[in-house]
Amino acid sequence: MAGCVTRVELSVSCRSLLDRDLGSKSDPLCVLLQEVGGGQWAELDRTERIKNCQDPEFCKKLVVDYYFEKVQKLKFGVYDIDNKTIDLNDDDYLGGVECTLGQVVSSSVFTRPLELKQGKPAGKGTITISAEEIKDTRVVYLEIEAQNLDKKDFLGKSDPFLEFYKQSDAGTWQLVYRSEVIKNNLNPCWRKFSVPLQTFCGGDFNKPIKVQCADHDSDGSHDLIGAFEATLAQLQRAGGGSPVEFECIHPEKKQKKKSYKNSGIIRIKSCKIETEYSFLDYVMGGCQINFTVGVDFTGSNGDPRSPDSLHYISPDGINEYLVAIWSVGSVVQDYDTDKLFPAFGFGAQIPPSWQVSHEFALNFNPSNPYCQGIQGIVDAYRQILPQIRLYGPTNFSPIINHVARFAAHSAQQGTASQYFILLIITDGEITDLDQTRQAIVNASKLPMSIIIVGVGEADFKAMEFLDGDNGVLKSLTGEPAARDIVQFVPFRQFRNAPREALSQMVLAEVPKQLVSYYKWQGWPPLKPPEIKKV
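Named according to an unreviewed UniProt entry, the protein is Copine-3 originating from Brachypteracias leptosomus. The UniProt entry for the protein carries the following text under Subunit (unreviewed entry): "Monomer. Interacts with ERBB2 (preferentially with the tyrosine phosphorylated form); this interaction occurs at the cell membrane and is increased in a growth factor heregulin-dependent manner. Interacts with SHC1; this interaction may mediate the binding of CPNE3 with ERBB2. Interacts with RACK1." What UniProt states about the protein under its Sequence similarities (unreviewed entry) heading is, verbatim, "Belongs to the copine family."

**Q** So what exactly am I meant to see when it comes to helix H8 (residues 397–411) here?
**A** One full turn of an α-helix is made of 3.6 residues, so residues set three or four places apart face in the same direction. Helix length check: H8 (15 residues) gives 20 Å between terminal C-alpha atoms against 21 Å at 1.5 Å per residue, within 8%. Contacts made by the buried residues of H8 are with strand S17 (288–296), strand S18 (340–346), strand S24 (418–426), helix H9 (433–443), strand S25 (448–454) and helix H12 (510–521).

**Q** Looking at this structure, I do not really get the domain arrangement of the protein. What am I missing?
**A** By the assigned domains, the protein splits into domain 1 (6–134), domain 2 (138–275) and domain 3 (289–521). One C-alpha centre belongs to domain 1, the other to domain 3, and the line joining them spans 37 Å. Contacts between the two partners involve ten residues from domain 1, matched on the other side by eleven residues from domain 3. When domain 1 packs against domain 3, close to 920 Å² is buried across both sides, 67% of that on carbon and sulfur atoms.

**Q** Before we go on, may I ask you to explain the environment of Glu 35 in this structure?
**A** Within the secondary structure layout, Glu 35 lies in strand S2 (residues 28–37). Sequence separation between Glu 35 and Lys 73 is 38 residues; the distance between their C-alpha atoms is 5.5 Å. Discounting chain neighbours no more than four positions away, the residues touching Glu 35 are Gln 40, Trp 41 and Lys 73.

Basis of the calculations
Residues numbered from 1 in each chain as written. Predicted model: local features only at pLDDT ≥ 70, side-chain atom pairs only at ≥ 80, totals over all residues. Heavy atoms only, no water. UniProt positions renumbered as here; feature names shortened; annotations may be inferred. Helix = DSSP H or I, 4+ residues; strand = E, 2+ residues; numbered from the N terminus. Expected span 1.5 Å × (residues − 1). Contact = heavy atoms within 4.5 Å. Domains from an automatic or database assignment. Buried area = accessible area lost by both parts, 1.4 Å probe.

Next comes the structure, spelled out in structure tokens:
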């Protein structure tokens, strides 16, 4: 399971709060709660209290861990504080709002009316929440070589490597990077490397950095060749063909010999600082995530009227196909503003001609296959089931190519504006494996990810092969996928787990896949974040 993607800072302001104090205005405070399951809420954070103010802009930011793959339900409550107790039960409630963290991060500014309870507005009061990721996404890229290093080995030359240390606030040195060892070479050129700016120097360009060059010995008793100290500001002067040079000094040799000059020269060939954008940078910058569903209606699923069919809808109105649509869709829908989701079926004979189709609209409207919200997909699925004949073969490539056409059209704009997620739900008996491999390899060069949920008890070896986790997926002609875009999960592993577990498993990879695509293209977010000076 992926860890917390990142931490988010929420800024809160309110307008036109109710007045609960006699003779003066309210003294508001905002508290943030998160649903922890079973209708229970836990407090995450709270703002400061502002005296006598109906339009407060709270200074203290509310901090929350953000996970793309979860629906994180939040409740913001505004209270009029008239005493010193922490407990809010004895304070006047000025209204609140419930939403998901996904809704907040996917809108640049999120404003809602405050409610005293469901459907009862708190006067004209409103709350505005904006989100910002807590991070410094700058990365230092360095290219370094050395000249005339001291010979340390009896038989050969030295085997040099570099170590970089930053100074902690307590004054101790912390290792931040160790280079590879270059064997038997007194004029080594190390490969280009990168370190996050925060790790490298805590974001402080004037903090001392210690660079040590040592001779590697396989028994671990490495010999110091020499060292120097510099700041990132000094290293940054390198570039454009003019390197910055530092003398590599061995302190003991310097003390012993008056004639000692140095133990070699370390040359910084280039030092660049670049920004690495995160998933939230793209989402907050205006990237829409488009969600498409493909449902397997092949004969191997069994007759939908029979209770042992995978398409049989139980008396409580669900089956594995519906649970998969709900659990994945409920997360993704927050990132799509129009909430219109195209949904298709494949592998069935459809009326009136009863031709087999491998990409028919679930709502039988090929020119407008969009369903309104996740509920719209569910309704279309339930309506179409009795009207089609399950058939075959099981071809995935037409629906992958269908979504890929939209992704290719979007990619032509050359901006990080649209990303596509295709959810295929299948019983796993795939017929067109070679065409599907080619379709996935083509799609790996496009802004899209494919999630396959396998229902039923079939052997899903072909699906695991498409997932590419055991090596890079290649097409029949040997062309490798540009990036790993397929995530396969068998539903049976989650049959007795909470519904959220499935979505967490299948969506945990999506943020990495989205970032890897835009990084590969070199496209920044539509609205890049402003870099705050640390």
